Amino acid sequence: MSPRFVVVGPPGAGKTTVSELLAKRLNLAFRDVDADIVETAGKPISDIFTDDGEPVFRAMEEEAVAKALEEHDGVLALGGGAILSQKTRERLKDHTVVFLNVGMAEGVRRTGLSSARPLLSGVNPRATFKALLDARLPLYREVATIEVLTDALDPEQVTEAVIKGATE
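Reading the values: rules and limits
One numbering rule holds for all chains: residues counted from 1, following each sequence as written. Only residues with pLDDT of at least 70 get local features here, since the model is predicted, and only at 80 or more are side-chain atom pairs given and counted; chain-wide, interface and lining totals rely on the full set of residues. Side-chain measures here rest on the full set of heavy atoms in the structure, leaving out hydrogens and waters. UniProt positions are given in the numbering used here, feature names are shortened, and annotations may be inferred rather than shown by experiment. Exposure categories follow from relative accessible area, calculated using a 1.4 Å probe and restricted to protein chains: below 20% of the type maximum is buried, above 50% is exposed, and the middle band is partly exposed. Secondary structure elements follow DSSP: runs of H or I no shorter than four residues count as helices, runs of E no shorter than two count as strands, and numbering proceeds from the N terminus. The pairing criterion is simple: DSSP has to find at least two bridges between the two strands. In the sections that follow, a salt bridge refers to a side-chain nitrogen of Lys or Arg positioned within 4 Å of a carboxyl oxygen of Asp or Glu.

Per an unreviewed UniProt entry, the protein chain is named Shikimate kinase, and its organism is Lentzea flava. Recorded in UniProt for the protein chain, the comment headed Catalytic activity (unreviewed entry) runs: "shikimate + ATP = 3-phosphoshikimate + ADP + H(+)".

As structure tokens, then:
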């Protein structure tokens, strides 16, 4: 079993929204690795970061991604930082990976620098978001087979671009 699409991207790119639309449009099942982690841990991701720390969360995330890649055959949405794991990037090599790219200004606007996003909370969330994008962009591109810049598109248009990219 293997997902038809694995969707990655930074916070605010629209991974969950687009993944759900893509699954519905193609009559596929949808699965979100972040939701899997919350279910397994029995608490929100922000609490995992606060209570247990980022390394514990990343280990849980790596395991959850591996499991989902083996079990799911629809559209799979990964958390924004899942690609930080070398093992996860290796596991993604044989999959159709959709990178939903978002620029800094649009990403900041969409996330609202939400405290529900633990890596964006802090003294200077804009600088944190920029650093996050700078560090992760090469990793997203390393795993991507399809890239869609989402800044000027609504979720339906992004979904169309993904479908078009998959058929080219």
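K.L.:
Which parts of the structure should I look at to understand the pairing of strand S1 (residues 5–8)?
P.N.:
Successive side chains on a regular strand alternate, one facing one side of the sheet and the next facing the other. Residues of S1 alternate between two faces, with Phe5 and Val7 on one and Val6 and Val8 on the opposite face, all of them buried. In this sheet, strand S3 (residues 75–77) lies alongside S1 in parallel orientation, the contact comprising three bridges. By the bridge assignment for S3, valine 6 is matched with leucine 76. Across three bridges, the pairing between S1 and strand S4 (residues 97–101) is parallel. Paired with valine 8 across the two strands is phenylalanine 99, which belongs to S4.

K.L.:
Sorry if this is basic, but what is going on with the pattern of salt bridges here?
P.N.:
Proximity of charged atoms lets side chains of opposite charge pair with each other. As enumerated under the stated definition, the model contains 10 salt bridges in all. Between arginine 31 and glutamate 71 there is a salt bridge, with its nearest N and O atoms 3.1 Å apart. Remark: glutamate 71 occurs in helix H4 (residues 54–71) and arginine 31 occurs in strand S2 (residues 30–32); sequence separation between them is 40 residues. Overall, the relative accessible area of 39% leaves glutamate 71 in the partly exposed class. The partner of glutamate 61 in a salt bridge is arginine 58, with the nearest N and O atoms 2.8 Å apart. Placement of the pair is glutamate 61 and arginine 58 together in helix H4, with a separation of three residues, close to one helical turn. Through salt bridges with shared partners, a single network forms among Arg31, Asp36 and Glu71.

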